Every structure is written in structure tokens, then in C-alpha cells.
Amino acid sequence: MLESKIPSGPIEKKWEKARFDFKLVNPANRRKHSVIIVGSGLAGAAAAASLAQQGYQVDCFCFQDSPRRAHSIAAQGGINAAKNYRNDGDSIFRLFYDTVKGGDFRAREGNVYRLAQLSVNIIDQCVAQGVPFAREYSGLLDTRSFGGVQVSRTFYARGQTGQQLLLGAYQALEEQEAAGSVKMHPRSEMLDLVLVNGKARGIITRNLVTGAIDSYAADVVVLATGGYGNVFYLSTNAKGSNATAIWRAHRRGALFGNPCFTQIHPTCIPVSSEHQSKLTLMSESLRNDGRVWVPKKKGDTRPPSQIPEEERDYYLERRYPSFGNLVPRDVASRAAKEVCDELRGVGPGGQGVYLDFADAIRRMGEAQVREKYGNLFDMYEEITGENAYKVPMRIYPAVHYTMGGLWVDYNLMSTIPGLFVAGEANFSDHGANRLGASALMQGLADGYFVLPYALPNYIASTQLEKVDTSHPAFAATKEVVAKRVATMINVRGKRSVDSFHKELGKMMWENCGMARSEQGLKSNLERIPALREEFWKSVNIVGTGEELNQSLEKAGRVADFLELGELMCLDALQRRESCGIVRSATSCKTPPGRCCCRIDAKESRLRPQTRPRREDRSL
């Protein structure tokens with residue numbers, strides 16, 4: 001039975017109680033303990049810097065050439081915090097409530113309340129590090145609104161918030177590397193987890209430059225490797241983002257939670273070509289001032305400037321007058337799909353809607369719009385060749401964030417003792433849909449404030465025998481990895497890695513993406529195993545394993561996606577409910593207006609609920 005280890009007592013006192021109850025490690029003893037952290041984005045860099053400052057010996061691994069290239073830099077719009085600087089009714093409890101509601105009531109409430117509490121500390125931490133948040137004329141930190149909430153709580157640095165926050169964490173990480181407390185291992189990819197007597201005690205990596213397969217031992221392993229949205233092939237994730245670390249841990253016994261819960265972001269540049277390899281996100285912050293619309297008439301292909309106001313449908317403002325264009329992401333995404341399915345979409349193939357800044361420019365002036373969103377407009381023009389100051393942007397929903405991940409308890413430990421999971425790689429905080437500006441908040445909360453308490457508690461309360469890479473478990477796991485790599489290279493088939501990834505991605509998007517049906521999911525569960533079998537017979541990987549080989553890198557990641565994709569479809573098929581996903585009438589057996597199930601407080605079973613399902617119009 002899973003035990004979430006949520007402290008007893010009122011929800012607002014749980015984290016305080018947990019911190020007091022946690023066991024501590026004497027400062028003189030900390031240097032005797034070692035920690036492996038896989039991933040150097042916000043969660044990984046923050047955890048590595050914080051634990052090294054406490055005195056632990058930290059090894060931090062990333063597959064990029066520098067921690068500065070972690071995918072956290074791609075988060076543009078902002079980071080939430082319940083500071084209530086605007087005095088507009090915000091509070092820790094309101095942030096907690098909005099986050100739980102935005103996750104369709106499927107997040108673990110104890111974790112989410114802690115996240116809301118820590119949000120105020122995160123901003124102070126980042127300001128102290130020199131993160132250049134936007135400020136008002138008076139010098140106070142500025143905030144803006146994001147979808148799904150009616151207060152202004154999102155702190156931002158133009159359209160570069162993730163990058164600026166990552167630089168703050170990176171400089172703290174580099175300080176500890178210079179002090180000798182952190183050893184960085186760039187261009188190293190984790191390929192397996194090493195267990196000794198049931199505990200996580202190390203990892204096996206492949207050096208992406210030399211191809212060398214190496215072993216590393218530690219007392220604790222932390223995975224902070226982000227999400228797995230690239231299972232869909234086309235997503236807003238960096239091409240290198242993958243599921244290998246968490247999937248290898250899952251294969252070693254770490255349970256997976258909510259794998260099919262995927263966030264579809266409504267503000268993405270539409271697909272332009274069959275040859276496209278990734279999608280580009282336009283920040284949700286643009287919906288503060290941009291208005292979303294489509295023509296009222298089907299098949300209207302006139303340029304937007306020739307469509308008069310009375311022939312435009314500002315469908316979000318019409319359907320959701322309280323929230324307008326700032327409805328939650330899942331609501332905005334479904335609404336965009338609906339109008340495009342009605343043949344009212346715009347752009348090539350009719351797969352797009354307009355995001356129009358004409359009213360904002362008339363109201364504020366182009367100079368002020370440039371000041372707030374200039375880099376986003378520049379990025380849009382560079383990709384599409386269109387000047388969004390003169391013509392509306394075109395946007396369409398795309399895969400963005402994954403709410404599923406490895407199951408963790410309140411202390412962020414997986415079902416494998418000694419294996420902690422932070423940030424997007426775990427399942428705990430965001431439920432089914434997730435609000436915007438929460439990803440940065442969770443990554444930094446886990447890295448700066450939760451792991452520095454929870455990890456020492458594990459070390460102080462666990463008997464950890466002396467283990468190094470000479471232990472037989474390391475040799476055995478290393479042999480498994482080497483054999484898997486060799487088998488993959490020796491297939492010498494005729495199909496490229498990308499052809500398999502594209503085929504899987506298309507299946508996942510069509511049948512396990514924004515719209516799902518029982519028939520489509522069952523079809524995937526027949527086709528994915530067949531595709532996986534063909535992969536191991538027909539994939540073509542050029543080169544060898546003893547060199548820089550990006551084809552081999554991609555193949556290993558796609559092999560894991562081919563297994564994860566099947567699990568996602570199994571999860572989606574067994575959930576006879578709607579969690580912000582479009583499902584056919586024959587797919588959901590739940591009575592109209594009702595939600596089917598919810599994880600109980602001890603995470604031990606699913607129990608029926610009679611809570612009415614959130615209706616779109618009332619949000």
C-alpha cells in the first residue's frame with residue numbers, strides 16, 4: 001500500500017509540523033554523505049546548490065554542455081507567488097485553491113498548500129540572487145495576470161522569466177562548484193538506476209562525447225529531469241527533453257503516477273509543415289492584452305484586416321465573460337479545437353485562431369506593447385515572417401507540460417527508498433490540467449526549500465552501508481546498459497529513428513492527446529506494441545557506441561517513449577472520466593455532470609466521488 005506520509009493536523013500547519021519532525025544531520029557529518037542529482041534545470045540546480053551549501057558532496061549530471069541550456073529557460077511568462085502586492089484579494093489559500101481547481105481537483109492537496117506557502121519565499125530568494133523581475137515605476141515588483149485566475153500574482157521578467165530564474169540558480173550552482181562542493185558532469189546521460197538492497201545507491205551514465213559507460217555511487221539519488229511531452233514528437237519541449245531517467249527508474253520499481261495527464265497549451269504557433277520537428281510556444285502572458293477570435297462564417301479565408309468587427313467571433317469573451325481571454329489553458333485549448341472543427345479556423349489547413357493586439361496597441365500605444373512583449377513579438381516574426389504589431393498572431397493548442405511522473409510521497413521520495421524526484425519529473429502538485437506560471441514555482445520550491453529538509457531526514461533515519469562502484473550491483477547494471485546499447489546499434493535496419501518517433505507521436509496526439517475515445521485508445525494499444533517490435537527489428541543507427549552519436553542518443557529515448565506511450569494509453573483507457581480532456585459520449589461511462597474518481601488521502605485506492613464535474617461556463 002502506498003503511504004503518502006502527509007503530516008496530520010490542519011493543512012496550513014502540515015509543512016511546519018513536518019520540518020520540526022524531520023531528523024537532522026550534524027554539519028560535521030554532512031561532508032561524509034554524497035548525493036547524485038540528475039538534471040540541472042531549476043529543480044536540479046536549486047537542489048544541488050542548496051544541498052552543497054549545507055555541506056553534502058554533490059554530483060550533478062546533465063546531458064547538455066552547460067546547465068544554462070536546461071529546458072527551464074523556455075518558460076517565458078512568469079512565476080506565481082501569493083505576495084498580494086496588488087491588494088486585489090490574493091492569499092496563500094487562494095493560490096492553493098486556484099492550483100487545486102486548475103488541476104481538476106486531482107493534485108495532492110498537502111503538497112499544493114506547501115507550494116503556495118513557499119511561493120512567497122521563492123520570490124525573495126530570487127530577488128536576493130539578482131533575478132531582474134519587472135518593476136513598476138515606484139520600484140516595486142510588477143505582476144500580471146495568467147489564465148484561470150482573477151488576481152494578478154504572476155511575477156515576470158519580460159518574456160524571459162525561465163531563463164532569468166535559471167541564471168539565478170546557475171550562479172548559485174557555479175559558486176558551489178568553485179568551492180568544490182559540487183562536481184558537474186555535463187554531456188552525461190543517465191541510462192539506468194543502481195539498487196543495492198532495495199535502495200537507490202547510484203546511476204549508470206553514458207558520456208555523450210566519448211561513448212564511455214560509467215558508474216557513480218552515492219547515498220541518495222535525485223531525479224530532476226523534467227517532463228515527457230516529446231512522446232508526442234511535436235511539442236513545445238526542447239528536442240533533447242526525454243523520459244529515460246524516470247522510465248529507467250520505473251523499470252527498476254519506482255511507480256508511475258497519472259501518466260496520461262498532459263497539459264495542452266493554447267498559445268502555440270501552429271504546425272506549418274510535415275517536416276517540422278518541434279513547436280514553439282508563445283507565452284500565455286500574451287492573453288493579458290491579446291484578444292482571441294475567429295471569423296463567424298465557415299471557410300472565411302479573407303485576411304483579418306478585411307473581416308469587419310461584426311463578423312468576428314471573440315468566442316472566449318462570449319462564452320466566459322468573467323474570465324474572457326484568460327480562461328484556464330484546458331478550456332482555451334478545447335474551445336480553439338471546437339471552432340477549428342467547425343471549419344472556422346484560420347491559416348493553412350484551418351488549424352489556427354487569431355490572437356489580436358490591435359485593441360491593446362490603440363489603448364496603450366505600440367511602444368508600451370513592445371516594452372511588455374517585444375521579445376515574444378520578435379520571436380514570432382522570426383518564425384512566421386509576420387509582424388504581429390500589424391496583423392494578428394495565429395495560435396493553436398499543442399502539448400506543453402506533463403502532470404504525470406514518478407509517484408512521490410510528501411517528502412518527494414519515490415517508492416524506491418533513497419530515490420527522490422523533483423519538479424516536473426514527479427506527479428504530485430498539478431493534478432490533471434495545471435495553471436500557467438506554476439512550473440517554475442514547483443521546480444524552485446522543490447529544489448530550494450523541500451529537498452534540503454526531506455533529504456537529510458532520509459539520511460539521518462536510514463542505515464546506509466558503505467557502497468562504492470566496486471559493488472556487484474554496479475557491474476551487473478552496467479552490463480545491462482552496455483548490452484542494450486549494443487543490441488540497438490547492431491539492428492542495422494532500414495528505418496530512421498525519427499520515422500518511428502513521428503509515427504508514435506501521431507498516434508499519441510490523435511488518440512491520447514487533446515481528444516480521446518475508447519476506440520482510439522484501444523487502437524493505440526494494438527499498434528504501439530507492434531511498432532515497438534518493428535523498432536527493435538528495423539531501426540537504423542549509423543556509427544558506433546564509442547563516439548559522439550546523436551542517432552544513438554535519440555534511439556534510446558524513442559525506445560523508452562515506445563514503452564511509456566503504451567502506459568499512457570492504458571491509464572487513459574482505465575479513466576472513465578474527463579479531466580479537461582475531450583472524450584466521446586461512448587467513451588465515458590460516468591453519469592452526466594459527475595466525476596468518476598479521485599485519489600484518497602492515503603493514496604491507497606480510488607474512491608468514487610459525487611463532486612459535480614467542473615462545467616466550462618462557470619469554470
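Coordinates for the structure precede this section.
Since we're looking at a predicted model, the values are computed, not measured.

(A) Local environment of the sheet that holds strand β14 (residues 312-313). If you trace the five strands from one edge of the open sheet to the other, you get β12-β16-β15-β13-β14, paired in antiparallel fashion. If you trace the sheet from one side to the other, it starts and ends with β12 (262-268) and β14, each paired once.

(B) Summary view of the layout of surface pockets. Looking at the second largest pocket, its volume works out to about 840 Å³. Contributing to the lining of the second largest pocket are 28 residues, with Leu 234, Val 271, Lys 506, Trp 509 and Glu 510 lying nearest its centre. Among the elements of the structure, α9 (329-341), β16 (393-402) and α14 (497-512) are those that each provide at least two residues to the lining of the second largest pocket. A per-element tally of the lining of the second largest pocket places α14 first, with five residues. Residues that form the lining of the second largest pocket fall into these classes: 16 nonpolar, six polar and six charged.

(C) Structural context of the state of the cysteines. Tallying each qualifying case throughout the model produces zero disulfides. In this model Cys 340 remains outside any disulfide bridge; the closest cysteine sulfur is found in Cys 268, 13 Å from its own. Taking the relative accessible area as the measure of exposure, Cys 340 reaches 5% and is therefore buried.

(D) How the structure looks around the packing of helix α7 (residues 244-251) against helix α16 (residues 550-574). Following both chains from N to C, one finds α7 and α16 inclined at 60°, their axes separated by 10 Å at the closest point. In terms of their interaxial angle, α7 and α16 are classed as oblique. The hand of the α7/α16 crossing is left-handed. Contacts between α7 and α16 pair Thr 244, Trp 247, Arg 248, His 250 and Arg 251 from the former with Gly 556, Arg 557, Asp 560, Glu 563, Leu 564 and Leu 567 from the latter. Looking at side-chain class alone, the contact of α7 with α16 contains three nonpolar, three polar and five charged residues.

(E) Up close: the nonpolar core. Core analysis: the biggest nonpolar cluster contains 172 residues, and Ile 79, Leu 223 and Leu 419 have the highest contact counts within it. No other element matches helix α12 (residues 439-461), which puts twelve residues into this core. Apart from the residues within four sequence positions on either side, Ile 79 is in contact with Ile 122, Ile 123, Phe 133, Arg 153, Thr 154, Phe 155, Thr 161, Leu 165, Ala 437, Leu 440, Met 441 and Leu 444.

(F) Layout of the side chain of Glu 563. Within the fold, Glu 563 resides in helix α16. With relative accessibility at 17%, the residue Glu 563 sits in the buried group. A distance of 2.6 Å separates polar atoms of two side chains, one belonging to Glu 563 and the other to Arg 251. What Glu 563 contacts, discounting residues up to four positions off in sequence, is Trp 247, Arg 248, Arg 251 and Arg 532.

Reading the values: the criteria
Residues numbered from 1 in each chain as written. Predicted model: local features only at pLDDT ≥ 70, side-chain atom pairs only at ≥ 80, totals over all residues. Heavy atoms only, no water. Pairing = 2+ DSSP bridges. Helix = DSSP H or I, 4+ residues; strand = E, 2+ residues; numbered from the N terminus. 1 Å grid on protein atoms, 1.4 Å probe; cavity = no way out; pocket = protein on both sides within 12 Å on 5 of 7 lines; lining within 4 Å. Points joined across faces, edges and corners; volume = space filled by probe spheres on them. Nonpolar A, V, L, I, M, F, W, Y, C, P; charged D, E, K, R; others polar. Disulfide = S-S within 2.5 Å. Buried < 20%, exposed > 50% of the residue type's maximum accessible area, 1.4 Å probe, protein only. Axes fitted to C-alpha atoms, helices over the stretch in contact; angles between N-to-C directions. Parallel < 35°, antiparallel > 145°, perpendicular 65-115°, else oblique. Left-handed = near helix turned anticlockwise from the far one by under 90°. Contact = heavy atoms within 4.5 Å. Core = buried A, V, L, I, M, F, W, Y, C linked by side-chain atoms within 4.5 Å. Polar contact = N/O pair within 3.5 Å; in protein donor to acceptor, adjacent residues only side chain to side chain.

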